[in-house]
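Structure assessment
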Amino acid sequence: MNIKEASQQTGVTATTIRYYEKEGLIPAIDRNDVGVRAIDDRIIRRINFVKTMRAAAMSIEALKEYIRLFDAQEDNTA
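A brief structural summary. (Residues numbered from 1 in each chain as written. Predicted model: local features only at pLDDT ≥ 70, side-chain atom pairs only at ≥ 80, totals over all residues. Heavy atoms only, no water.)

1. As for the pattern of salt bridges
Definition in use: Each salt bridge in this description consists of a side-chain nitrogen of Lys or Arg and a carboxyl oxygen of Asp or Glu lying within 4 Å of one another. Helix numbers and strand numbers start at the N terminus; a helix is a DSSP run of H or I with at least 4 residues, a strand a run of E with at least 2. For every residue, the accessible area (1.4 Å probe, protein chains only) is compared with the maximum for its type, and the residue is labelled buried under 20%, exposed over 50%, or partly exposed between those bounds.
Here the structure, examined in full by the defined rule, presents 6 salt bridges. The residue Asp71 makes a salt bridge to Arg46 at a minimum N-O spacing of 2.7 Å. With Asp71 in helix α4 (residues 60–75) and Arg46 in helix α3 (residues 41–55), this residue pair connects regions lying 25 residues apart in the sequence. Look at Asp71 and you get partly exposed, because its relative accessible area is 23%. Arg46 gets classed as buried once you look at its relative accessible area, which sits at 13%. For the salt bridge of Glu61 with Lys64, the shortest nitrogen-to-oxygen distance reads 3.7 Å. With Glu61 and Lys64 both in helix α4 and 3 residues apart, this pair spans about one turn of that helix. Its relative accessible area of 56% is what places Glu61 among the exposed residues. Judged by its relative accessible area of 23%, Lys64 falls in the partly exposed class. Via salt bridges that share partners, Lys22, Glu23, Glu61 and Lys64 belong to a single interconnected network.

Dropping the structure here:
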């Protein structure tokens, strides 16, 4: 799905999704042949997670650290 569809599905603005990507709160989003973001279910889940944590007043810095640790743990499971 594109960023507009992801925004509608998650209730997070396209600008905020771009910010989350820039800040590393969500993984880098692949783009299709014409440069349009191709957002999959994994990214949608992460957007919803970040949205929930921000609503619970978790700071961006704390959230970045949590995500860094979570992703590192995920990378180490084989």
